[in-house]
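Residue-level structural notes
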Amino acid sequence: MRKGALEYCVLALLTERPRYGFELVELLGQVDGMLTTEGTIYPLLSRLRRDRLVETEWRESSGGPPRKYYRLTADGRRGLAAFRDEWATFRSAVDRILKQGGAS
Amino acid sequence: VTAPRATQIVDGYLARLESELADVPAVRRRELLDDVRAHIAEARAALGEESDAGLLNIIERLGDPGVVAAEARERSGIPAFRPGLQEIGGLALFIVPLPWVWLIGAALIWRSNAWTRRQKLIGTATPLLPLVLLVAGLSLPVVGLGHWWRLFFWAPLLGAAFLGNRLWQRHTGRRPTLRS
């Protein structure tokens, strides 16, 4: 479940502006347990790009070599919006059941 | 951390990852290795002062190369790697001391996606080792002129042992551990 949600968390982090890989890893690392092995983010990003949910572009960085930035596509935005709805429904359904289970 | 030591840690990790990605299409493998290399460079730049521990921590957090490669395989829809008849048969034929049987073994090994190109090159070039030694004149003091041809028997065993070891490591997920 965490794995399925992770790709939408990545998409959500890209809604404001494009970001590069290491930046995404750092942001996800701030949430405990979200990203257990950092290296696995890159196959995920590659998959998102092939599914055209994100696109990449190279940008100069100050000092270091150019960075690969990931940007949300229109498809990515639509996918994220759909997930937000599904997630809200799913979460409240689970909450309801968990609460009932605790009360009985 | 000394520069050669750092290079050893980073290159060691990337080499193991490359080895684990042997059965992933080359374009994808190249992309992932580039991404991970860039990640390590960024993380190293973010370290204030570089130490062995700091560098090893970066590598540790990236995760086991086998786990990263498994993720790449899954995200690419490639089934999990299992050594099969082709790999075992290739190695078995390769150690039969007859040149034409070697060739069949070598062909099977080269057709397999269990090894990287470099590993295949190292492993299957070993039958040529005695020739190289002979040309270099090194085999004469070692075994004497009358016996140097016996190396033709032993050399492929070395190659097969190397390839078999790599195969075993991939299969069991056991790899040499990094120590500082």
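Now for a quick tour of the structure. Predicted model, so just to flag it, every value in this text is computed and none were measured.

**Some remarks on the overall build of chain B**
- Along its length, chain B carries ten helices and zero strands.
- Here chain B, with 180 residues, has 40% of them falling under the buried criterion.
- The contacts in chain B between residues at least 6 apart in sequence include a share of 65% that link residues at least 24 apart.
- Accessible area for chain B stands at about 10000 Å²; split by element, carbon and sulfur atoms hold 65% of it.

**Notes on the nonpolar core**
- Core analysis: the biggest nonpolar cluster contains 44 residues, and Val-10, Ile-41, Leu-45 and Leu-48 of chain A together with Val-36 and Ile-40 of chain B have the highest contact counts within it.
- In this structure, Phe-81, Phe-94, Ala-160 and Leu-167 of chain B belong to the second largest nonpolar core, which totals eleven residues.

**Looking at the packing of helix α2 (residues 26-46) of chain B against helix α3 (residues 52-62) of chain B**
Residues and elements named next belong to chain B.
- In the contact formed by α2 and α3, the axes pass within 10 Å of each other and the chain directions differ by 140°. With respect to α3, the element α2 is oriented oblique. Considering only the axes of α2 and α3, their crossing is right-handed. Along its contact with α2, which presents Val-36, His-39, Ile-40, Ala-43 and Arg-44, the element α3 presents Leu-55, Ile-58, Ile-59 and Leu-62.

**A closer look at the pattern of salt bridges**
- With the rule as written, the count across this model stands at 19 salt bridges over all chains.
- Asp-51 of chain A is the salt-bridge partner of Arg-47 of chain A, the closest N and O atoms lying 3.1 Å from each other.
- Judged by its relative accessible area of 36%, Asp-51 of chain A falls in the partly exposed class.
- A salt bridge links Glu-50 of chain B to Arg-44 of chain B; its shortest N-O distance comes to 2.9 Å.
- The exposure class of Arg-44 of chain B is partly exposed, given its relative accessible area of 28%.

**Quick look at the interface of chain A and chain B**
- With 20 residues of chain A at the interface, the matching set in chain B holds 19 residues.
- Interface area, chain A with chain B, both sides summed: about 1800 Å², of which 52% is carbon and sulfur.
- In this structure, the connection of chain A to chain B is made through six salt bridges.
- A salt bridge links Lys-68 of chain A to Glu-31 of chain B; its shortest N-O distance comes to 3.7 Å.
- The element that contributes the greatest number of residues to the side of chain A that touches chain B is helix α3 (residues 41-50) of chain A, accounting for seven residues.
- Of the residues assigned to the side of chain A that touches chain B, the class counts are seven nonpolar, five polar and eight charged.

**Comments concerning the side chain of Asp-35 of chain B**
- Relative to the elements of secondary structure, Asp-35 of chain B occurs in helix α2.
- Polar contacts involving the side chain of Asp-35 of chain B include one to the side chain of Lys-68 of chain A, which spans 3.0 Å.
- Excluding residues within four positions of it along the chain, Asp-35 of chain B makes contact with Tyr-42, Lys-68 and Tyr-70 of chain A.

**A closer look at the packing of aromatic side chains**
- A complete count under the given rule lists five aromatic pairs over all chains for this structure.
- An angle of 25° between the planes, with centres 5.7 Å apart, marks the rings of Phe-83 of chain A and Trp-87 of chain A as stacked. Placement of both Phe-83 of chain A and Trp-87 of chain A in helix α4 (residues 74-103) is noted, with a separation of four residues, approximately one turn of the helix.
- Measuring from ring centre to ring centre gives 5.1 Å for Phe-153 of chain B and Trp-154 of chain B, while their planes differ by 85°; the resulting arrangement is edge-to-face.
- What makes Phe-153 of chain B partly exposed here is its relative accessible area of 38%.

**Thoughts on helix α1 (residues 2-13) of chain A**
- Over its twelve residues, α1 of chain A runs 16 Å from end to end, which matches the ideal 16 Å to within 8%, given 1.5 Å per residue.
- Taken residue by residue, α1 of chain A has Ala-5, Leu-6, Glu-7, Val-10 and Leu-11 of chain A as its buried positions.

**Digging into the side chain of His-39 of chain B**
- Structurally, His-39 of chain B can be placed in helix α2.
- Take His-39 of chain B: its relative accessible area is 2%, and that puts it in the buried class.
- Within the local environment of His-39 of chain B, its side chain forms a polar contact with the side chain of Tyr-42 of chain A, the two groups lying 2.7 Å apart.
- If sequence neighbours within four positions are ignored, His-39 of chain B has contacts with Phe-22, Val-25, Glu-38 and Tyr-42 of chain A together with Leu-62 of chain B.

**Remarks on the sheet that holds strand β3 (residues 67-72) of chain A**
Residue and element names in this part refer to chain A.
- Read across the sheet, three strands follow the order β1-β3-β2 without closing on themselves; strand pairing throughout is antiparallel. The strands lining the two open edges of the sheet, one partner per strand, are β1 (19-20) and β2 (54-59).
- Here β1 pairs with β3 via two bridges, running antiparallel. The partner of Arg-19 across the bridge, within β3, is Tyr-70.

Parameters and conventions
Residues numbered from 1 in each chain as written. Chains lettered and ligands numbered in written order. Predicted model: local features only at pLDDT ≥ 70, side-chain atom pairs only at ≥ 80, totals over all residues. Heavy atoms only, no water. Helix = DSSP H or I, 4+ residues; strand = E, 2+ residues; numbered from the N terminus. Buried < 20%, exposed > 50% of the residue type's maximum accessible area, 1.4 Å probe, protein only. Contact = heavy atoms within 4.5 Å. Areas by Shrake-Rupley, 256 points an atom, 1.4 Å probe, with all protein chains shown as cover. Core = buried A, V, L, I, M, F, W, Y, C linked by side-chain atoms within 4.5 Å. Axes fitted to C-alpha atoms, helices over the stretch in contact; angles between N-to-C directions. Parallel < 35°, antiparallel > 145°, perpendicular 65-115°, else oblique. Left-handed = near helix turned anticlockwise from the far one by under 90°. Salt bridge = Lys/Arg side-chain N within 4 Å of Asp/Glu carboxyl O. Buried area = accessible area lost by both parts, 1.4 Å probe. Nonpolar A, V, L, I, M, F, W, Y, C, P; charged D, E, K, R; others polar. Polar contact = N/O pair within 3.5 Å; in protein donor to acceptor, adjacent residues only side chain to side chain. Phe/Tyr/Trp six-rings, centres within 6.5 Å; stacked < 30°, edge-to-face > 60°. Expected span 1.5 Å × (residues − 1). Pairing = 2+ DSSP bridges.

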